[in-house]
Amino acid sequence: VMRHLWVRRASALLVAVVAAYASYEHQRRFASVWGSEQVSALLWPLSVDGLVVLASLGLLEVGPGARLRVRWSVRAAFLLGWRCRCWPISRPRRC
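Calculation notes
- Residues numbered from 1 in each chain as written.
- Predicted model: local features only at pLDDT ≥ 70, side-chain atom pairs only at ≥ 80, totals over all residues.
- Heavy atoms only, no water.
- Helix = DSSP H or I, 4+ residues; strand = E, 2+ residues; numbered from the N terminus.
- Buried < 20%, exposed > 50% of the residue type's maximum accessible area, 1.4 Å probe, protein only.
- Contact = heavy atoms within 4.5 Å.
- Areas by Shrake-Rupley, 256 points an atom, 1.4 Å probe, with all protein chains shown as cover.
- Patch = residues over 30% accessible without salt bridge, like charges linked within 9 Å, V, L, I, M, F, W, Y side chains within 5 Å.
- Salt bridge = Lys/Arg side-chain N within 4 Å of Asp/Glu carboxyl O.
- Phe/Tyr/Trp six-rings, centres within 6.5 Å; stacked < 30°, edge-to-face > 60°.
- Lys NZ or Arg CZ within 6 Å of the ring centre and 35° of its normal.
- Axes fitted to C-alpha atoms, helices over the stretch in contact; angles between N-to-C directions.
- Parallel < 35°, antiparallel > 145°, perpendicular 65-115°, else oblique.
- Left-handed = near helix turned anticlockwise from the far one by under 90°.
- Nonpolar A, V, L, I, M, F, W, Y, C, P; charged D, E, K, R; others polar.

A.B. asks: How should I be thinking about the overall build of the protein chain in this particular structure?
C.D. replies: Summing up its helical and strand segments, the protein chain has three helices and zero strands in all. Of the regular secondary structure in the protein chain, the N- to C-terminal order runs α-α-α. Counting only residues that meet the buried cut, the protein chain has 15% of its 95 residues in that class. Restricting to contacts in the protein chain with at least 6 residues of sequence separation, those with at least 24 account for 47%. When the accessible surface of the protein chain is totalled, it reaches about 8000 Å², and 67% of it is carbon and sulfur.

A.B. asks: What am I meant to see in a nonpolar patch on the surface here?
C.D. replies: A surface patch of nonpolar side chains, about 370 Å² in accessible area, is lined by Val-39, Leu-42, Leu-43 and Leu-46. Within the secondary structure layout, Val-39 lies in helix H2 (residues 38–61).

A.B. asks: Please clarify how the packing of aromatic side chains should be interpreted in this entry.
C.D. replies: One pair of aromatic rings is described through two measures. These are the centre distance and the angle between the planes. Per the counting criterion, the structure on display carries one aromatic pair. Above the plane of the ring of Trp-72 lies Arg-75, whose end atom (NZ or CZ) is 4.9 Å from the centre.

A.B. asks: I'm lost on the pattern of salt bridges in this one. Help?
C.D. replies: Pairs may arise between side chains of opposite charge once their charged atoms sit close together. Counting across every chain of the model gives two salt bridges. Glu-25 is paired through a salt bridge with Arg-28; the nearest N and O atoms lie 2.7 Å apart. Separated by three residues within a single helix, Glu-25 and Arg-28 lie in helix H1 (residues 2–33), roughly one turn from each other. By relative accessible area, Arg-28 is classed as partly exposed at 22%. Residues Glu-25 and Arg-29 are paired through a salt bridge, measuring 3.9 Å at the closest nitrogen-oxygen approach. Taken together, the residues span about one helical turn, with Glu-25 and Arg-29 both in helix H1 at a distance of four residues. Salt bridges sharing partners connect three or more residues here, namely Glu-25, Arg-28 and Arg-29.

A.B. asks: I would appreciate a short explanation of the packing of H1 against H2 in the present structure.
C.D. replies: Two numbers describe a pair of packed helices, the interaxial angle and the distance between the axes. Running from N to C, H1 and H2 cross one another at 130 degrees; their axes reach a closest spacing of 8 Å. Classed by the angle they form, the pair H1 and H2 counts as oblique. Where H1 crosses over H2, the handedness of that crossing is right-handed. Counted together, Ser-23, Tyr-24, Gln-27, Arg-28, Ala-31 and Ser-32 of H1 and Ala-41, Leu-42, Trp-44, Pro-45, Leu-46, Val-48 and Asp-49 of H2 form the full contact between these two elements. Taken together, the residues of the contact of H1 with H2 sort by class into eight nonpolar, three polar and two charged.

Function-wise, these values are silent; they only describe arrangement.
Here it is in structure tokens:
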């Protein structure tokens, strides 16, 4: 039983590392292509994915006894992070 647990955790870690790398590279290239300076392009993915991670943890910790304002703030932060994360996928319209 302990071996199966170790295999599941190692597999989950591998998937998380690959997803984090792909996410970081995608957002970094997007920022570079659309004119961000090098430092900004390097930091953009960390800020966006960091917001999503923190908001996700907040969603897990906010219980039904929390104030309504707190629950909506955490949800809004998660949606903002998700939108910023998905924004590079969409292409801007040409005028």
